[in-house]
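Structural overview for review
Here is what each chain is made of, one letter per residue.
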Amino acid sequence: MAFRRTLLTVALAISATAPACANDWRYCLASSDADHKAYVSAPFSTSDDLVRAETSFRDLLKRSHLKNYVVQCPRSDDETSLLAMQRHAIGFNAQYGNQTTVLDWHP
């Protein structure tokens, strides 16, 4: 549980909470301490709101029988910054022994 809180804190610290606009870039991340796994989506550009992206990614995991994952979809103004954020999240998960799988998923 502490790991999830830390991961959420890191993601919130590096993601803005402003509403989505036409040039928002996002990726979604889902992690499970119990499974020692994390799933990361490919980056995508969207004008959808945060809740819609998180719900769509959570639904994908549920359809794949991957329940109890904490889902978040950090945002950035550009793809380059978002890719750096994604690499950081993958490295962060690796430090805690989580295997990360990148999914070719777009909402």
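All residue numbers refer to positions counted from 1 along the written sequence of the respective chain. The predicted origin of the model limits local features to residues at a pLDDT of at least 70 and limits the giving and counting of side-chain atom pairs to 80 or more, whereas totals for whole chains, interfaces and linings rest on all residues. Each side-chain value is worked out from all heavy atoms of the structure, with water and hydrogens disregarded.

1. Quick notes on the pairing of strand 2 (residues 29–32)
The classification of residues rests on relative accessible area computed with a 1.4 Å probe and restricted to protein chains. Under 20% of the type maximum is buried, over 50% is exposed, and intermediate values are partly exposed. Per the convention used, a helix needs a DSSP run of H or I reaching at least four residues, while a strand needs a run of E reaching at least two, with both numbered from the N terminus. Across the two faces of strand 2 the burial is the same, with L29 and S31 and A30 and S32 all buried. As paired strands, strand 2 and strand 3 (residues 37–41) are joined by 4 bridges and run antiparallel to one another. Residue pairing across strands places A30 opposite Y39, the latter belonging to strand 3. A pair of strands is labelled paired if DSSP reports no fewer than 2 bridges between them. Hairpin remark: strand 2 followed by strand 3, antiparallel, with 4 residues in the connecting loop; positive phi at H36, about 55 degrees. Bridging between strand 2 and strand 5 (residues 70–72) involves 3 bridges; their strand directions are antiparallel. When the bridges of strand 5 are listed, S31 appears paired with V70.

2. Looking at the sheet that holds strand 6 (residues 75–76)
What the 3 strands build is an open sheet, ordered 4-1-6; its pairing is antiparallel. Looking at which strands have only one partner, the edges of the open sheet turn out to be strand 4 (44–46) and strand 6. Across 2 bridges, strand 1 (residues 24–26) lies against strand 6 in antiparallel orientation. The residue bridging W25 from the neighbouring strand is S76, located in strand 6.

3. Focus: the confidence of the model for the protein
One confidence number per residue, pLDDT, is output by the predictor and ranges from 0 to 100. Scored by pLDDT, the protein has a mean of 83; 79% of the residues are at 70 or more. When checking whether two residues touch, look at their non-hydrogen atoms; a contact exists if any pair is within 4.5 Å. In the model, residues 5–21 has pLDDT below 50 throughout and makes 24 contacts with residues more than four positions away in sequence or in other chains.

4. Section: helix 2 (residues 50–63)
Helix length check: helix 2, at 14 residues, gives a terminal C-alpha distance of 20 Å against a target of 20 Å (1.5 Å per residue), a fit within 8%. A53, E54, F57, L60 and L61 are the residues of helix 2 that are buried. Down the axis of helix 2, the buried set is contained in an arc of 120 degrees. They therefore lie on one face. Within helix 2, the exposed residues directed more than 90 degrees away from the buried face are V51 and R63. In this fold, the buried residues of helix 2 make contact with strand 2, strand 3, strand 4, strand 5 and strand 7 (99–103). Once helix 2 finishes, H65 follows within two positions and takes phi at roughly 60 degrees, a positive value. How far a helix is expected to stretch is found by multiplying one less than its residue total by 1.5 Å. This arc describes the spread of directions from the helix axis toward the C-beta atoms.

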